[in-house]
Amino acid sequence: MRIAVTGSIATDHLMTFPGRFADQLVADQLHTVSLSFLVDNLDVRRGGVGANIAFGMGQLGTSPILVGAAGFDFDEYRAWLDRHGVDTASVRISETLHTARFVCTTDADHNQIGSFYTGAMSEARLIELKTVADRVDGLDLVLIGADDPEAMLRHTEECRSRSIPFAADFSQQIARMNGDEIRILLEGATYLFSNEYEKGLIESKTGWTDEEILSKVGHRVTTLGSQGVRIERAGEEPIVVGCPEEDRKADPTGVGDAFRAGFLSGLAWGVSLERAAQVGCMLATLVIETVGTQEYQLRRGHFMERFTKAYGHEAATEVQKHLA
């Protein structure tokens, strides 16, 4: 099964300020704020929704096709993804812009001040999926993840016009979208991904009830944080899958991307929706135990040991043959 993952490609520059932002603010001078923070450390990490999901699928051996736009500074990041099983040949490289970048400072109270530079991501709207499909001899599913909004609309419309099944996954972009845009992006999707808060936001902005949305998509996949995930289909009982026990909770960033990577890999293997969701929850658990969205290691034996403990021998036997 050939799955293309569209979405942002970015690097994260994360800094830590040992004090409190609040102590640096003067109440009657907030209209003329001019501050500089001396930070203790800088972590530069690979990120972006599309790249994170593709990385996870590559770790599971399902050879995803990453579709997005990056800058002329992408060579090192590309080599990293290539080494981890991602097909990056359909990434558009800008001749003038840097790869998208998130710069964030966190204080001692975990408050954050951040900026996101879209950079080359704005050129994702110039990518045509037909070119991607022709290169790999067809696409079976396209995940349309958070990206340049115009790119998301173009990819959705092209999937419809070319009868390519697609999965709608708005994530960070849902806050800036209006109801009309959300309706366009979700109608006819084979899968609609969101977390529980986003689920309510989708219903509020579109004016559609849960039942109405279920009539317009094939499957509604809602992540529930530590409670796992719920998969709904019109006229059928929901499938609810819990999360494996965590060893620790180091960093929640990228956990949703990891779930999608595991779930899509399960679809690529042809296992049931329940099994696919279990793989997604297991991969998400590895990510939450690791600082960074692509810093975890997937060791097959360790993965299967924990998967077996969480979901039993029958489930593990079915998944094991695809992981080997």
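Our subject is the structure that appears above.
Residues numbered from 1 in each chain as written. Predicted model: local features only at pLDDT ≥ 70, side-chain atom pairs only at ≥ 80, totals over all residues. Heavy atoms only, no water.

## Digging into the sheet that holds strand 13 (residues 229-232)
- Spatially, eight strands are ordered 4-1-9-10-11-12-13-14 in an open sheet, and the strand pairing comes out mixed. One side of each edge strand has no neighbouring strand; the edge strands of this open sheet are strand 4 (65-67) and strand 14 (239-241). Mean inter-strand twist for the sheet, computed between neighbouring axes without regard to direction, equals 15°.
- The sheet contact formed by strand 9 (residues 141-144) and strand 10 (residues 166-169) spans three bridges and is parallel. The residue of strand 10 that forms the bridge with Leu-143 is Ala-167.
- Sitting on the sheet, helix 6 (residues 196-206) is in contact with strand 11 (191-195), strand 12 (219-223) and strand 13, with an inclination near 115° to strand 11.
- Each of strand 1 (3-6), strand 9, strand 10, strand 11, strand 12 and strand 13 touches helix 8 (residues 255-269); the most contacted strand, strand 11, lies at about 155° to it. (Pairing = 2+ DSSP bridges. Helix = DSSP H or I, 4+ residues; strand = E, 2+ residues; numbered from the N terminus. Axes fitted to C-alpha atoms, helices over the stretch in contact; angles between N-to-C directions. Contact = heavy atoms within 4.5 Å.)

## Side note on a nonpolar patch on the surface
- A cluster of nonpolar side chains, namely Leu-25, Leu-30, Val-33 and Leu-35, defines an oily patch on the protein surface of about 350 Å² accessible area.
- Along the polypeptide, Leu-30 turns up in the loop between strand 2 (10-16) and strand 3 (41-47). (Patch = residues over 30% accessible without salt bridge, like charges linked within 9 Å, V, L, I, M, F, W, Y side chains within 5 Å. Areas by Shrake-Rupley, 256 points an atom, 1.4 Å probe, with all protein chains shown as cover. Salt bridge = Lys/Arg side-chain N within 4 Å of Asp/Glu carboxyl O.)

## Side note on the nonpolar core
- Ranked by size, the top nonpolar core spans 57 residues in total, and within it Leu-81, Tyr-191, Phe-259, Phe-263, Leu-283, Phe-303 and Phe-307 carry the most contacts.
- If we ignore the near neighbours within four places in the chain, the residues touching Leu-283 are Gly-56, Leu-60, Ala-258, Ala-261, Gly-262, Tyr-296, Leu-298 and Phe-303.
- Within the second largest apolar cluster, 32 residues are counted, among which are Leu-139, Ala-151, Leu-186 and Ile-202. (Core = buried A, V, L, I, M, F, W, Y, C linked by side-chain atoms within 4.5 Å. Buried < 20%, exposed > 50% of the residue type's maximum accessible area, 1.4 Å probe, protein only.)

## Thoughts on unusual backbone geometry
- Positioned with a positive phi, Asp-137 is a non-glycine residue whose angle comes to about 65°.
- With a relative accessible area of 64%, Asp-137 lands in the exposed category.
- In this structure, Ser-163 takes a positive phi of about 60° despite not being glycine.
- In this structure, Ser-163 sits in the loop between helix 4 (149-161) and strand 10.

## Quick notes on the packing of aromatic side chains
- Taken as a whole, this structure holds 12 aromatic pairs when the rule is applied.
- Geometrically, the ring pair formed by Phe-17 and Phe-21 is stacked, given 6.0 Å between the ring centres and 5° between the ring planes. For the pair shown, Phe-17 and Phe-21 are each scored as buried.
- Residues Phe-55 and Tyr-296 carry aromatic rings whose centres are separated by 5.5 Å and whose planes lie at 90° to one another, so their mutual orientation is edge-to-face. Linking Phe-55 in helix 1 (residues 49-59) with Tyr-296 in the loop between helix 9 (273-288) and helix 10 (300-311), this pair joins segments that are 241 residues apart in sequence. Neither residue differs from the other here; Phe-55 and Tyr-296 are each classed as buried.
- The ring centre of Trp-80 lies 3.8 Å from the NZ or CZ of Arg-46, which sits over that ring.
- Looking at Arg-183, its charged tip hangs above the ring of Trp-208, at a distance of 5.9 Å from the centre. (Phe/Tyr/Trp six-rings, centres within 6.5 Å; stacked < 30°, edge-to-face > 60°. Lys NZ or Arg CZ within 6 Å of the ring centre and 35° of its normal.)

## Section: the packing of helix 8 against helix 9
- Contact pair helix 8 / helix 9: the axes reach a minimum separation of 7 Å and the direction vectors enclose 145°. Every pair of crossing elements has a handedness; the one defined by helix 8 and helix 9 is right-handed. Every residue of helix 9 that contacts helix 8 at Val-255, Ala-258, Phe-259, Ala-261, Gly-262, Phe-263, Gly-266, Leu-267 and Trp-269 is listed here: Leu-273, Ala-276, Ala-277, Val-279, Gly-280, Cys-281, Leu-283, Ala-284, Val-287 and Ile-288.
- Its residues assigned to classes, the contact of helix 8 with helix 9 comprises 16 nonpolar, three polar and no charged. (Left-handed = near helix turned anticlockwise from the far one by under 90°. Nonpolar A, V, L, I, M, F, W, Y, C, P; charged D, E, K, R; others polar.)

## Notes on the environment of Thr-11
- Position of Thr-11 relative to the elements: it lies in strand 2.
- For Thr-11, a relative accessible area of 16% corresponds to the buried category.
- In sequence terms Thr-11 and Val-103 are 92 residues apart; their C-alpha atoms lie 8.6 Å from each other.
- In this view, Thr-11 contacts Arg-45, Gly-47, Tyr-77, Ala-100, Arg-101 and Phe-102; residues no more than four positions away in its chain are not counted.

The quantities given are spatial measurements derived from coordinates; they are silent on function.
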